[in-house]
Amino acid sequence: MTHVVYLSRGHGHGHVATDVRVVAALRSRGATVELASYGSGLDYCVRRGVTCADLGIDDLHDQGPAAAVRIMAYLRSRRDADVVVAHEVFAAPSLCASLGPPCALLTHWFFAEIGAPDRDRLLAGADPLVLLDFAAAHTVPAELSGRVRFTGPVVEPPTYDRVEARRLLGIPPDEFVAVVTTGAVTAYNRAQVDAVVGLARAAWPIHADRPGRLVVLSGETSVRDPAPYHRAADVVIANATFGTMSALAAAGVPTVAVTGGRNPVDRLHADHFARLGLVTVVGADHPVADVRRAVRDATAGDPAGLGWATPDDVAALILAASPRPAKRSPRAHPATTPPGRHP
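The paragraphs below set out a description of the structure included in this document. (Residues numbered from 1 in each chain as written. Predicted model: local features only at pLDDT ≥ 70, side-chain atom pairs only at ≥ 80, totals over all residues. Heavy atoms only, no water.)

A closer look at the overall build of the chain
Heads up, the rule is: Secondary structure is summarised from DSSP: a helix means a run of H or I of at least four residues, a strand means a run of E of at least two, and numbering begins at the N terminus for each. Our radius of gyration looks at C-alpha atoms and nothing else; its globule reference is 2.2 Å times the residue count to the power 0.38. For every residue, the accessible area obtained with a 1.4 Å probe (protein chains only) is divided by the maximum for its type, and the residue is called buried under 20%, exposed over 50%, and partly exposed between those limits. Two residues qualify as a contact provided that any one of their heavy atoms is within 4.5 Å of a heavy atom in the partner residue. All accessible areas in this document rest on Shrake-Rupley with a 1.4 Å probe, and a residue is counted as covered only by the protein chains that are shown. Within this scheme the basic residues Lys and Arg register as positive and the acidic residues Asp and Glu register as negative, but His and the chain ends are omitted. Lys charges are placed at NZ, Arg charges at CZ, Asp charges at CG and Glu charges at CD.
Summing up its helical and strand segments, the chain has 11 helices and 12 strands in all. Relative to its length of 343 residues, the chain is compact, with a C-alpha radius of gyration of 20 Å against a globular reference of 20 Å. Along the first, second and third principal axes, the C-alpha atoms of the chain reach 70 × 40 × 35 Å. By residue count, 52% of the 343 residues in the chain fall in the buried class. Across the chain, contacts joining residues at least 24 apart in sequence account for 66% of those joining residues at least 6 apart. Carbon together with sulfur atoms contributes 54% to the accessible area of the chain, which is approximately 15,000 Å² in total. Of the charged side chains in the chain, 34 are positive and 34 negative, and the gap between their average positions amounts to 5 Å.

As structure tokens, this is what we get:
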């Protein structure tokens, strides 16, 4: 049985929301999996009762030397891993090189794409290096050529259609509904989240001659499962994060993606999704009239044929990296770690 140690980046909910689904797919294939995260990633798991160890790293300082020390300590305590998975935990490949197990690194961008090409060396030790995005969205750095496996964005088939979602939420079929969705609110992105919500409220109402409502899913008004709200909406106004745009685009939801936050990766993906006709992009500093027009005119793109991935597709790549389904020896530490914040 293959034993997987899975390191999920915090820094919001986007990474861990994907990872929880990939972990379930790995277990369905017979692997044992230990999931570890920190900060907002750990918080996501705790709120959902998902077993997750705490790496003790701060979201705002998760790529520095102190974080690497924490990751090394955790990996040393899990020396029986057949494969380590690191979702944007960029210190992991070099640490695994010194400890022994192969490291599958998951990401959806290269450092060269955000003006830091020298840092792509952090990706070179991954085996495999998995890009959870469309190949056409990226230029692979020369030093990584031949090492990258593109899967497409990881999405699930829509659970609800528009009619069922509106019935579930008690929304009349003829009401115009705009949904604002921002993802996790952290110290890093709070200003951008406030800008997205503020723009949406300033642009409302969109149709003065038509009954409607504006639903805000952010911070204290967020919900555990936004999917029925997204499917019920005539348009979603979204903070332009990769995971959110992927889910909305794959479900064919008309989406206005608001850029302008501190993370250049978000703009990278928003521009590509816009070129594919999957979202409409506006900047957080755009006039309210531009936002109102974008929301009123937004239409759904065609997600068919773009090469989306399932959690099981990613699980298969991860298990292929394991040298063999190892016979486990008795372990010195518990098989699972109770949910919660603990060393």
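What about the packing of helix H8 (residues 242-250) against helix H9 (residues 264-275)?
Put simply, the test is: Lines fitted to C-alpha atoms define the axes here, with helix axes fitted over just the stretch in contact, and angles between the N-to-C directions of these axes take values from 0 to 180 degrees. Angular relationships are summarised with four words: roughly parallel below 35 degrees, roughly antiparallel beyond 145, roughly perpendicular across 65 to 115, and oblique for the angles in between. In this scheme the crossing of two helices becomes right-handed for a clockwise turn of the near helix relative to the far one and left-handed for an anticlockwise turn of less than a right angle.
The contact between H8 and H9 brings their axes to 9 Å, and the two run at 20°. In terms of their interaxial angle, H8 and H9 are classed as roughly parallel. Handedness of the H8/H9 crossing: left-handed. Of the residues in H9, those in contact with Phe242, Met245, Ser246 and Ala249 of H8 are Asp266, His269, Ala270 and Phe273.

Focus on the side chain of Gln192
Rules: As used in this structure description, the phrase polar contact means that two N or O atoms lie within 3.5 Å; if the pair is within protein, one of them must be able to donate a hydrogen and the other to accept it, and residues adjacent in sequence are counted only when both atoms belong to side chains.
For Gln192, the position within the fold is in helix H6 (residues 190-203). In terms of polar contacts, Gln192 uses its side chain to reach the side chain of Asn239, at 3.2 Å. Apart from residues lying up to four places away in sequence, Gln192 is in contact with Asn239, Val258, Thr259, Gly260, Gly261 and Ala284.

Here's the deal with helix H10 (residues 288-297)
Every α-helical turn comprises 3.6 residues, leaving residues that sit three or four positions apart pointing alike. Put simply, the test is: The arc in question is traced by the directions running from the helix axis to the C-beta atoms.
Of the positions making up H10, those classed as buried are Val291, Ala294 and Val295. In a view along the axis of H10, the buried residues occupy a sector of 95°, so they form one face of it.

Topic: the sheet that holds strand S11 (residues 255-259)
Which entries qualify depends on this criterion: Two strands pair if DSSP finds at least two bridges between them.
Spatially, five strands are ordered S9-S8-S10-S11-S12 in an open sheet, and the strand pairing comes out parallel. Looking at strand neighbours, the two that pair on one side only are strand S9 (212-217) and strand S12 (280-283), the edges of this open sheet. The average angle at which neighbouring strand axes cross in this sheet is 20°, direction not considered. Here strand S8 (residues 176-181) runs beside strand S10 (residues 235-239); their pairing, made up of four bridges, is parallel. Bridge pairing in S10 links Ala178 to Val235.

So, the sheet that holds strand S1 (residues 3-8)
Read across the open sheet, the seven strands follow the order S3-S2-S1-S4-S5-S6-S7; overall the sheet is parallel. Either end of the sheet is taken by a strand with one partner, and the two such strands are strand S3 (53-54) and strand S7 (148-150). Two strands pair when backbone bridges link them, and strand S4 (residues 83-87) and strand S5 (residues 103-107) are joined in this way by four bridges, in the parallel orientation. Paired with Val85 across the bridge in S5 is Ala104. Contacting S1, strand S2 (32-37), S3 and S4, helix H3 (residues 65-76) crosses the sheet at an angle of about 165° to S1.

Notes on the pattern of salt bridges
Here is the rule: Salt bridge, as used here: a side-chain nitrogen of Lys or Arg that lies within 4 Å of a carboxyl oxygen of Asp or Glu.
Using the criterion set out here, one finds 13 salt bridges in the structure. Here Arg267 ties to Asp271 by a salt bridge, and the two come within 2.7 Å at their closest N and O atoms. With Arg267 and Asp271 both in helix H9 and four residues apart, the pair spans about one turn of that helix. Overall, Arg267 belongs to the partly exposed group, its relative accessible area being 41%. Take Asp271: its relative accessible area is 27%, and that puts it in the partly exposed class. Overlapping salt bridges, with partners in common, bring together Arg9, Asp62 and Glu88 in one network.

Overview of the nonpolar core
Rules: What we call a nonpolar core is a set of buried Ala, Val, Leu, Ile, Met, Phe, Trp, Tyr and Cys residues that are connected through their side-chain atoms within 4.5 Å.
Residues Leu7, Leu75, Val84, Leu123 and Leu129 are the most contacted members of the largest nonpolar core, which totals 34 residues. Of all the secondary structure elements, the ones that give two or more residues to this core are S1, H3, S4, helix H4 (92-99), S5 and strand S6 (129-131). At five residues, H3 tops the list of elements feeding residues into this core. Core analysis: the second largest hydrophobic core is formed by 29 residues, Val4, Leu26, Ile318 and Ala321 among them.

What to know about unusual backbone geometry
In most cases, non-glycine residues show a negative phi, while peptide bonds are predominantly trans. Cis rather than trans, the peptide bond between Asp127 and Pro128 has omega equal to 10°. Structurally, Pro128 is set in the loop between S5 and S6. At the junction of Trp204 and Pro205, the peptide bond is cis and its omega measures out at 5° in the coordinates. Along the polypeptide, Pro205 turns up in the loop between H6 and S9. For His11, which is not a glycine, the phi torsion comes out positive at approximately 60°. Of note, His11 is situated in the loop between S1 and helix H1 (14-28).

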